Structure formats: structure tokens, C-alpha cells
Amino acid sequence: MISTSSTLYFLTVLGSVVALGPAAVNLRTAANYAILAKAGVSTLPPSVITGNVAVSPISALGLTNFSLALDGTGQFSTSTQVIGKVFAASYAPTTPATLSVAVGDMGTAFTDATGRVSPNFMNLGSGAIGGLVLTPGLYKWTSAVTIGSNVTIIGGAADTWIFQVTGTLSIGAGQKVVLAGGALSSNIVWVVTGAVSAAAGAHLEGVILGQTSITLLTGATANSRLLAQTSVVLQKATVTN
Ligand SMILES: *[C@@H]1O[C@H](CO)[C@@H](O)[C@H](O)[C@H]1NC(C)=O
Ligand SMILES: *[C@@H]1O[C@H](CO)[C@@H](O)[C@H](O)[C@H]1NC(C)=O
């Protein structure tokens, strides 16, 4: 499998128009948010989020430490920690309906990504993927996945990756997901059944579809969308989408 994939990747580098990897996961309107969570988003200031933040079905009470300033329309708030808008299910119409659709789309994307079959790579590294170089494809782990040293995702700008993790996903302090060869964060999906956590100073790349929580500890950064079916916890974290 690995050699086949490497050969195909080589062809792409030589100019093939064929994009490698699984069909893209359609996020639909969930793609309008850098962070979308059903049960809440908290920040230990100062975090820096580039993109919109939303919680639904929980009300704005699920937004902790954003020092929100409600817009005159009542439809969104602003925060010095967010370069974008902040939405909650308790805001004025049409925000609740829009968020309800987005949360549904997040669930549909999770179901799509987690339901993909016939992985190219199964339980690679027994879940310890630090130091590995990951070519395009569908990866599945029936365990936790830990990133204990830098991991590299290599491929072209049209190539795709889906990482299915049935356990937790954690990246160690100061460790990084590094992109190479033109690979784009938006073409990478981590679909994780357990909790996702990034230790202090770690760096993540790719869309995260979490069935539970996503936590970024002190100074962690993510070039990502964080789409969580429970909550997102940020500690002086940077999320850029
Ligand atoms: C909210 O901010 C305060 C003051 O910075 C901090 O002590 C507290 O831990 C924060 N809460 C959360 C949930 O991060
Ligand atoms: C991990 O990746 C970062 C960013 O590319 C790099 O600065 C750092 O040196 C890498 N760490 C190691 C141990 O290779």
C-alpha cells in the first residue's frame, strides 16, 4: 500500500492532473465557522481566532470569557479575541435557524467522514504517528492516536486526507503537524470519536470533526476548523482558518 501510494504521489509531482486521496468531505454551511460547538466555547484570554465562532443549541451562556459586545441587530456579537463574528442560538432571528442548519451540516460531515470504508492505511504506527510522513489517503485507527514528535503531511494542493480515529487524538507539547509539497489544511480532515487535545505550544493542521470536545492548551495553535459536538476549550490559543 505504501509503495503504491508513494508511486501515485510521484506521478502527481510530475504533473498528473489526478488528485490523490478520498473524495472531499462536504462541510456545507459548517464551513462558515472557524469554531462551531454544540455545548460551548471557552477561552482563557487572550486567544486569537480568525473566522467566525458559533454555539448551538446552547445559548450565549455557553460562550465563556469572550467579553462579548452584542451588535445592535442582536444577531451576533464581537470580541477582541475574534477576528470575525460570534453567534449563539439565543441571538435574534435568523441566527438560531442558521446555526441549527450549520450544526446539522457538522453532523452530516462527521457521519460522512467516519463512514468512509476501505482505508489505505490501517492502524499505522499503532497510533503513534510522530515522525511519520503521511501521503494522501484514507487512514483509520481503531485506537487513540498520539503525535509525540512532528508529523508531516505531504501532497499536492488538490490531494486529500481523511484520518479516522476511534479513540482520542492528542499532540504533545511543542509538537507540530507540518505540511509539505503544497498540501492544504482545508483538504485534511481528522474525524475523531474521542476527545481531541493539543498540549502547550503544539500546532495542528486540518479540519477537526470531533464527536466530543476539542482542547487547545497554552499557546497551542491550529490552522484549522474546530467542529465539536460537545465543547471547545482554548487557553491563550490561536485558531486560524
Ligand atoms: C476566564 O478568564 C479568567 C481570567 O483570565 C480565568 O481565570 C479563567 O480560568 C477563564 N475561564 C476559562 C474557562 O478559561
Ligand atoms: C517541528 O516542526 C517545526 C516547524 O516546521 C520546526 O521548526 C521544528 O524544528 C520541528 N521539530 C523537530 C524536532 O524537528
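Within an unreviewed UniProt entry, the label attached to the protein reads Antifreeze protein, and the organism entered is Mycena albidolilacea. Word for word, the UniProt comment on the protein under Sequence similarities (unreviewed entry) is "Belongs to the ice-binding protein family."

(A) Here's a closer look at the overall build of the protein. Helix and strand counts for the protein come out as 2 helices and 23 strands. In terms of overall size, the protein behaves like a compact globule, its C-alpha atoms giving a radius of gyration of 18 Å where 241 residues would be expected to give roughly 18 Å. In terms of overall dimensions, the protein has a C-alpha envelope of 55 × 35 × 30 Å along the principal axes. Looking at the protein residue by residue over its 241 residues, the buried ones come to 47%. The long-range share in the protein, meaning contacts at least 24 apart out of those at least 6 apart in sequence, stands at 52%.

(B) Here's a closer look at the site of ligand 2. In the vicinity of ligand 2, the contacting residues are Asn150, Lys176 and Val178. Burial of ligand 2 by the protein amounts to 29% of the accessible area it has alone, namely 360 Å².

(C) Main features of the environment of Gly104. Within the secondary structure layout, Gly104 lies in helix 2 (residues 95-115). Along the backbone, Gly104 and Leu217 are 113 residues apart, and their C-alpha atoms lie at a distance of 28 Å.

(D) Spatial organisation of unusual backbone geometry. Omega for the bond connecting Pro45 with Pro46 falls within 30 degrees of zero, at 0°, which places this linkage in the cis form. Ser56 connects to Pro57 through a cis peptide bond whose omega is 10°. Of note, Pro57 is situated in the loop between strand 4 (53-55) and strand 5 (63-64). Look at Asn65: it is not a glycine, yet its phi comes out positive at around 75°. In this structure, Asn65 sits in the loop between strand 5 and strand 6 (69-70). Of note in this structure, Asn123 is not a glycine but carries a positive phi near 50°. Mapped onto the elements, Asn123 comes out in the loop between strand 9 (121-122) and strand 10 (133-134). Overall, Asn123 belongs to the partly exposed group, its relative accessible area being 27%.

(E) Quick peek at the sheet that holds strand 2 (residues 40-44). Across the sheet, 7 strands lie side by side as 5-2-22-20-18-15-12; this open sheet has parallel pairing. The two strands at the open ends of the sheet, each matched to only one other strand, are strand 5 and strand 12 (145-147). Here strand 12 runs beside strand 15 (residues 169-171); their pairing, made up of 3 bridges, is parallel. Note that in strand 15 the partner of Ile147 across the bridge is Ile171.

(F) The packing of aromatic side chains, seen in detail. On inspection of all chains with the given rule, the structure shows 7 aromatic pairs. Each ring, one from Tyr139 and one from Trp141, has its centre 5.9 Å from the other, and the planes form 20°; the classification is stacked. Seen in terms of ring centroids, Tyr139 and Phe163 are 4.9 Å apart; in terms of plane orientation they differ by 50°. Their pairing is tilted. Highlighted residues: Tyr139 in strand 11 (residues 137-141) and Phe163 in strand 14 (residues 161-165), separated in sequence by 24 residues. Each of the two residues, Tyr139 as well as Phe163, counts as buried. Ring pairs connect the aromatic residues Phe121, Tyr139, Trp141, Phe163 and Trp190, which therefore count as one cluster. Between the NZ or CZ atom of Lys85 and the centre of the ring of Phe76, over which it lies, the distance is 4.4 Å.

Calculation notes
Residues numbered from 1 in each chain as written. Chains lettered and ligands numbered in written order. Predicted model: local features only at pLDDT ≥ 70, side-chain atom pairs only at ≥ 80, totals over all residues. Heavy atoms only, no water. UniProt positions renumbered as here; feature names shortened; annotations may be inferred. Helix = DSSP H or I, 4+ residues; strand = E, 2+ residues; numbered from the N terminus. Rg over C-alpha atoms; globule rule 2.2 N^0.38 Å. Buried < 20%, exposed > 50% of the residue type's maximum accessible area, 1.4 Å probe, protein only. Contact = heavy atoms within 4.5 Å. Near = heavy atom within 4 Å. Areas by Shrake-Rupley, 256 points an atom, 1.4 Å probe, with all protein chains shown as cover. Pairing = 2+ DSSP bridges. Phe/Tyr/Trp six-rings, centres within 6.5 Å; stacked < 30°, edge-to-face > 60°. Lys NZ or Arg CZ within 6 Å of the ring centre and 35° of its normal.

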